[in-house]
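# Structural description and commentary
Listed below are the residues making up each chain.
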Amino acid sequence: AQSVSQHNHHVILSEAASLELGCNYSYGGTVNLFWYVQYPGQHLQLLLKYFSGDPLVKGIKGFEAEFIKSKFSFNLRKPSVQWSDTAEYFCAVMPTGGGNKLTFGTGTQLKVEL
Amino acid sequence: KAGVTQTPRYLIKTRGQQVTLSCSPISGHRSVSWYQQTPGQGLQFLFEYFSETQRNKGNFPGRFSGRQFSNSRSEMNVSTLELGDSALYLCASSLGTSDEQFFGPGTRLTVL
């Protein structure tokens, strides 16, 4: 079975600071990788996804993530965060060819201070 | 295009009762998955339905069940409710297999 680890549970940053959230997964086969965001009072939204190809993927709102296969990692980055980025961020994996079953990490609560 | 809708948005039940939650996927999406979100356990996969058949199942007891109709709408049922079933239940729909999932707003279930 697959598992996902998110190392940072709570992160507090000032506006304009750079962000990097770690995500590592465990699975013996190929996976699709996702980052979802949950803004306060809103439902889960997709930030970005990696299926294949260029391991550096860009998502919405200036977010990007890099898939490093040798490290089983899919870290999320943003060069300069804004107050509106305050939210909970979830990394998730889905084995390819196995239907639509997401395994989520425990989430990272990001607070951006003015 | 309308998003994933879930009804009801809030429910309060007592222990021992049963509950049925409903999910309408995005038009054209044939896959519907259900997740449970709690502060302690995070987001956990319950099951997935595709073309009216259960395709994947998570590690939940048999009290949790679901079904999908020919129009792709899905329901999940929880029987003999326990306090620990209090959670946000999320539904997600997908167009294909191993694909991006679009989430609904969830149903907040409180068991007293």
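Below or above, wherever it landed, is the structure these notes cover. Only a predicted model underlies this, so the values are computations on that prediction, with no experimental measurement involved. Throughout, residues of each chain are indexed from 1 in the direction in which the sequence is written. Key to labels: chains lettered from A, ligands numbered from 1, both in the order written. Confidence filtering applies because this is a predicted model: local features only for residues at pLDDT of at least 70, side-chain atom pairs given and counted only at 80 or more, and all residues used for totals across whole chains, interfaces and linings. Values shown for side chains rest on all heavy atoms present in the structure; no hydrogens or waters enter the calculation.

Once that is clear, we can look at the overall build of chain A. On a plain count of helices and strands, chain A comes out with zero helices and twelve strands. Under the DSSP-based scheme used, a helix requires at least four consecutive residues in state H or I and a strand at least two consecutive residues in state E, with every element numbered from the N terminus. When the helices and strands of chain A are placed in sequence order, the string is β-β-β-β-β-β-β-β-β-β-β-β. Using C-alpha atoms as the atom set, the radius of gyration is obtained and then compared with a globule rule of 2.2 Å times the number of residues to the power 0.38. For 114 residues, the compact-globule estimate of 2.2 N^0.38 gives 13 Å, and chain A sits close to it at 14 Å. Across its three principal directions, the C-alpha atoms of chain A cover 45 × 30 × 20 Å. Exposure is judged per residue with a 1.4 Å probe applied to protein chains only, and the accessible area is read against the type maximum: over 50% gives exposed, under 20% gives buried, and values in between give partly exposed. Counting across all 114 residues of chain A, residues that qualify as buried make up 47%. Contacts: residue pairs with any heavy atoms within 4.5 Å of one another. Considering only contacts in chain A between residues 6 or more positions apart, those separated by 24 or more positions represent 54%. Here the positive residues are Lys and Arg and the negative ones are Asp and Glu; neither His nor the chain ends is included. Think of each charge as sitting on NZ of Lys, CZ of Arg, CG of Asp or CD of Glu. Computed over 9 positive and 8 negative side-chain charges, the separation of the two mean positions in chain A equals 7 Å.

So, about the overall build of chain B. Looking only at helices and strands, one finds zero helices and eleven strands in chain B. What you see in chain B, going N to C, is helices and strands ordered as β-β-β-β-β-β-β-β-β-β-β. On C-alpha atoms alone, chain B measures out to a radius of gyration of 13 Å, which is about the 13 Å that the 2.2 N^0.38 rule sets for 112 residues. With the C-alpha coordinates of chain B rotated into their principal frame, the extents come out at 35 × 25 × 25 Å. Put simply, chain B has 112 residues, and 52% of those count as buried. Taking the contacts inside chain B whose residues are at least 6 apart along the sequence as the reference set, 54% of them involve residues at least 24 apart.

Side-chain atoms within 4.5 Å are what join buried Ala, Val, Leu, Ile, Met, Phe, Trp, Tyr and Cys residues into a set we call a nonpolar core. Residues A:Leu33, A:Trp35, A:Leu47, A:Leu48, A:Phe74, A:Leu76 and A:Tyr89 are the most contacted members of the largest nonpolar core, which totals 28 residues. Those elements that provide at least two residues to this core are β2 (10-14), β3 (19-21), β5 (31-38), β6 (45-50), β8 (64-68), β9 (73-78), β10 (87-95) and β12 (108-113) of chain A. Beyond its immediate stretch of four places on either side in the chain, A:Leu47 contacts A:Trp35, A:Tyr36, A:Val37, A:Gly59, A:Ile60, A:Phe63, A:Leu76 and A:Tyr89. Ranked by size, the runner-up nonpolar core spans 21 residues in total, among them B:Val19, B:Cys23, B:Val32 and B:Trp34.

This part is about the state of the cysteines. Every disulfide links exactly two cysteines, by a covalent bond between their sulfur atoms. Residues and elements named next belong to chain B. Cysteine sulfur atoms are paired as a disulfide whenever they come within 2.5 Å of each other. Summed over the entire model, instances satisfying the criterion amount to two disulfides over all chains. What pairs with Cys 23 in a disulfide is Cys 91, and their sulfur atoms sit 1.7 Å apart. Classification of the bridge connecting Cys 23 and Cys 91 rests on its S-S torsion, roughly -55°, and on that basis the disulfide is left-handed. Here the residue Cys 23 occupies a position in strand β3 (residues 19-24), and Cys 91 occupies one in strand β9 (residues 87-94), the gap between them amounting to 68 residues.

Glancing now at the interface of chain B and chain A. With 22 residues of chain B at the interface, the matching set in chain A holds 20 residues. In short, buried area is how much 1.4 Å probe accessible area vanishes from two parts on joining, totalled over both. Across the chain B/chain A interface, buried area totals approximately 1,600 Å², and carbon plus sulfur atoms make up 53% of it. Broken down residue by residue, the surface that chain B buries against chain A is led by B:Leu43, B:Ser98 and B:Phe103, which jointly contribute 38%. Basic side-chain nitrogens of Lys or Arg form a salt bridge, by our definition, when they fall within 4 Å of a carboxyl oxygen of Asp or Glu. Our enumeration of links across chain B and chain A arrives at one salt bridge. Pairing of N or O atoms within 3.5 Å defines a polar contact, subject to two protein rules: one partner must be a possible hydrogen donor and the other a possible acceptor, and residues neighboring in sequence count only if both atoms are side-chain atoms. At the boundary of chain B and chain A, one finds ten residue pairs in polar contact (both at pLDDT 80 or more). At the level of secondary structure, the elements contributing two or more residues to the side of chain B that touches chain A comprise β4 (31-38), β5 (42-50), β6 (53-57) and β9 of chain B.

Take B:Ser94: it is sitting in strand β9. The exposure class of B:Ser94 is buried, given its relative accessible area of 0%. When sequence neighbours within four positions are dropped, the list of residues in contact with B:Ser94 reads A:Asn100, B:His29, B:Arg30, B:Ser31, B:Asp99, B:Glu100 and B:Gln101.

Residue and element names in this part refer to chain B. The rule for pairing is simple: two strands pair if DSSP sees at least two bridges between them. If you walk across this open sheet you meet the four strands as β1-β3-β8-β7, and the pairing is antiparallel. If you trace the sheet from one side to the other, it starts and ends with β1 (5-7) and β7 (64-68), each paired once. Across the sheet, the mean angle from the axis of one strand to that of its neighbour is 20°, orientation sign disregarded. Note on definitions: angles span 0 to 180 degrees between N-to-C directions of axes, and those axes are lines fitted to C-alpha atoms, for helices only across the stretch in contact.

Let us look at the pattern of salt bridges. When their charged atoms lie close together, side chains carrying opposite charge are able to pair. Residues and elements named next belong to chain A. With the rule as written, the count across this model stands at ten salt bridges over all chains. Across the pair Glu 66 and Arg 77 runs a salt bridge whose closest N-O atoms are separated by 3.4 Å. Placement of Glu 66 in strand β8 and of Arg 77 in strand β9 is noted, with a sequence separation of eleven residues between them. Ionic pairing is found between Asp 85 and Lys 78, a salt bridge with its closest N-O pair at 2.8 Å. Several salt bridges converge on common partners, so that one network encompasses Lys 58, Glu 64, Glu 66 and Arg 77.

Take it as geometry only, folks, not as evidence of what the structure does.
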